[in-house]
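Structural description and commentary
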Amino acid sequence: MFININYLIKHIISSSYHSAGLVPSFKAEITLVVLSYPCFTPFNSTPLISHSFLLSFIVSVYAFLIISFLVIASLLNIVLDILFVALFHWGVVGVAMATTISQAVCAIVSSVYLFKKYPQYRPTVWFDKTKLIDLIRTSFPLMIQAFMLYVGFMLLQRTVNSFGSDMTASYSVVVKVDRYIMAPLIVIFDSMAAFAGQNQGAGRYDRVLSGLRQMRIFSLIVAAVFCVLGLLCFPYVVRWFAMDEVATDYAVRNLRMSSIDLFLYALYCPITGMCLGLKQTMVPMVVSFVELAGRNIFARLLAPIVGAPCIWWCEPPAWIVVIVCVWLYFYFYVKPKLKQSIVSAS
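Here the structure is a predicted model, which means the values were calculated and not measured. (Residues numbered from 1 in each chain as written. Predicted model: local features only at pLDDT ≥ 70, side-chain atom pairs only at ≥ 80, totals over all residues. Heavy atoms only, no water.)

Focus: helix H5 (residues 129-161)
Given a rise of 1.5 Å per residue, 33 residues ought to cover 48 Å, and the 47 Å separating the end C-alpha atoms of H5 matches this to within 8%. Taken together, the buried positions of H5 are Pro141, Gln145, Met148, Gly152, Leu156, Thr159, Val160 and Asn161. (Helix = DSSP H or I, 4+ residues; strand = E, 2+ residues; numbered from the N terminus. Expected span 1.5 Å × (residues − 1). Buried < 20%, exposed > 50% of the residue type's maximum accessible area, 1.4 Å probe, protein only.)

Now the structure itself:
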């Protein structure tokens, strides 16, 4: 593991000359995070289990509790950041420790609440072999998807670093801000997965198709709203990060492209969420690989032509390829099977 950390840092972070001085700090932070995995892995899934379980009730008090757990963890993270960095002068290692501790506290608190409120969800020594196999079959493609996602971003980071410190700084800001504008569509993805899974269990395949149609329209409306907000607000948001003029310009142009890409993502989320809910977990894994591979390939192809803007111009063609693949799969495989299930149920 530590050999791999050294290799990744050497070939990805240090691919830009200006980043050489940051390598020891990055190495210390990544090493600390890796060492924390054995301690907190048993708890890490619990907030997600608690979140999914409580979300299914659609009761506001539970949603408030979930937000409360996250707010407490965020506030604790801020306090520990100030304590470890400003008072103890631990630098990047202090930031990593603050994040790890706050996440652990969130996981433990949510675990205690979940197991106390709902005793039937307490872990037991015995397990059902059939359910375990089903869980592995469902979760393994998603684990591969997550792994490929981060590998793809590391490869893209190498291309970003090759354009200098301004591009590297701007890209780090873009990644942070991009999470906020993508969050509504990610929630739509999760909601569509839960909706499809529930109606499949109830044998209401007609509701799966009607729900998909309505969710497509809703996704495009959400994308339009956040696209307009992004185009208007990004120049002011980026200034909060106190970057120089060139890095600020890069970040604003990149985020504007991300705002336009929301329409493509809005066409992607409902249908892949539906496939996930129908236990077709290979679909998100494959399309994620295609999107990340396409983004890296188009970035390399466009770099000699447009230069630094290839970092954001590579996204639309990659998403277009993904959407074409997803919709072809839906119309020629998923939709006929759903209609056949509707006829069989009637």
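Observations regarding the packing of aromatic side chains
As enumerated under the stated definition, the model contains eleven aromatic pairs in all. Seen in terms of ring centroids, tyrosine 268 and tryptophan 319 are 5.1 Å apart; in terms of plane orientation they differ by 65°. Their pairing is edge-to-face. With tyrosine 268 in helix H8 (residues 245-277) and tryptophan 319 in helix H11 (residues 315-345), this residue pair connects regions lying 51 residues apart in the sequence. Of the two residues examined, tyrosine 268 and tryptophan 319, each falls in the buried class. In textbook terms, an aromatic cluster arises when at least three aromatic residues are bridged by ring pairs, as seen for Phe84, Phe88 and Trp90. (Phe/Tyr/Trp six-rings, centres within 6.5 Å; stacked < 30°, edge-to-face > 60°.)

What to know about the packing of helix H9 (residues 282-306) against H11
Contact pair H9 / H11: the axes reach a minimum separation of 8 Å and the direction vectors enclose 155°. It follows from the interaxial angle that H9 and H11 lie roughly antiparallel. Crossing geometry of H9 relative to H11 is assigned as right-handed. Counting all contacts with H9, which are made through Val283, Val287, Val290, Glu291, Gly294, Arg295 and Phe298, the residues of H11 involved are Glu315, Pro317, Ala318, Trp319, Val321, Val322, Val326 and Tyr329. Taken together, the residues of the contact of H9 with H11 break down into eleven nonpolar, one polar and three charged. (Axes fitted to C-alpha atoms, helices over the stretch in contact; angles between N-to-C directions. Parallel < 35°, antiparallel > 145°, perpendicular 65-115°, else oblique. Left-handed = near helix turned anticlockwise from the far one by under 90°. Contact = heavy atoms within 4.5 Å. Nonpolar A, V, L, I, M, F, W, Y, C, P; charged D, E, K, R; others polar.)

What to know about the pattern of salt bridges
On inspection of all chains with the given rule, the structure shows three salt bridges. Between glutamate 291 and arginine 295 there is a salt bridge whose closest N-O contact spans 2.6 Å. A residue pair is termed a helical-turn pair when its members lie 3 or 4 positions apart in one helix, as glutamate 291 and arginine 295 do in helix H9 at four residues. Here glutamate 291 and arginine 295 have matching classes, each one buried. (Salt bridge = Lys/Arg side-chain N within 4 Å of Asp/Glu carboxyl O.)

What to know about the packing of helix H6 (residues 165-201) against H8
The axes of two packed helices give the description: the angle between them and the distance between them. Orientation of H6 relative to H8, taken along the N-to-C sense of each, is 15°, at an axis distance of 8 Å. Overall, the two elements H6 and H8 adopt an arrangement that is roughly parallel. Viewed along their axes, H6 and H8 form a crossing whose handedness is right-handed. Here the contact of H6 with H8 is built from residues that sort into 25 nonpolar, nine polar and two charged.

Here's the deal with the nonpolar core
Core analysis: the largest hydrophobic core is formed by 47 residues, its most contacted members being Leu185, Tyr268, Met274, Phe330 and Leu338. Put simply, the parts of the chain that give this core at least two residues each are H6, helix H7 (205-239), H8, H9 and H11. Sort the elements by how many residues they give to this core and H8 lands first, with 14 residues. Formed by twelve residues, the second largest nonpolar core is a distinct cluster that contains Met167, Tyr171, Tyr250 and Ala308. (Core = buried A, V, L, I, M, F, W, Y, C linked by side-chain atoms within 4.5 Å.)

Some words on the confidence of the model for the chain
Should pLDDT be low for a region, the predicted coordinates there are not to be read in detail. Across the chain, pLDDT averages 79, with 79% of residues at or above 70. Considering only residues more than four positions removed or in separate chains, one finds that residues 1-20, a stretch of pLDDT under 50, has 34 contacts. With pLDDT under 50 throughout, residues 42-61 is counted as low confidence; its partners more than four residues away or in other chains account for 22 contacts. (pLDDT = per-residue confidence, 0-100.)

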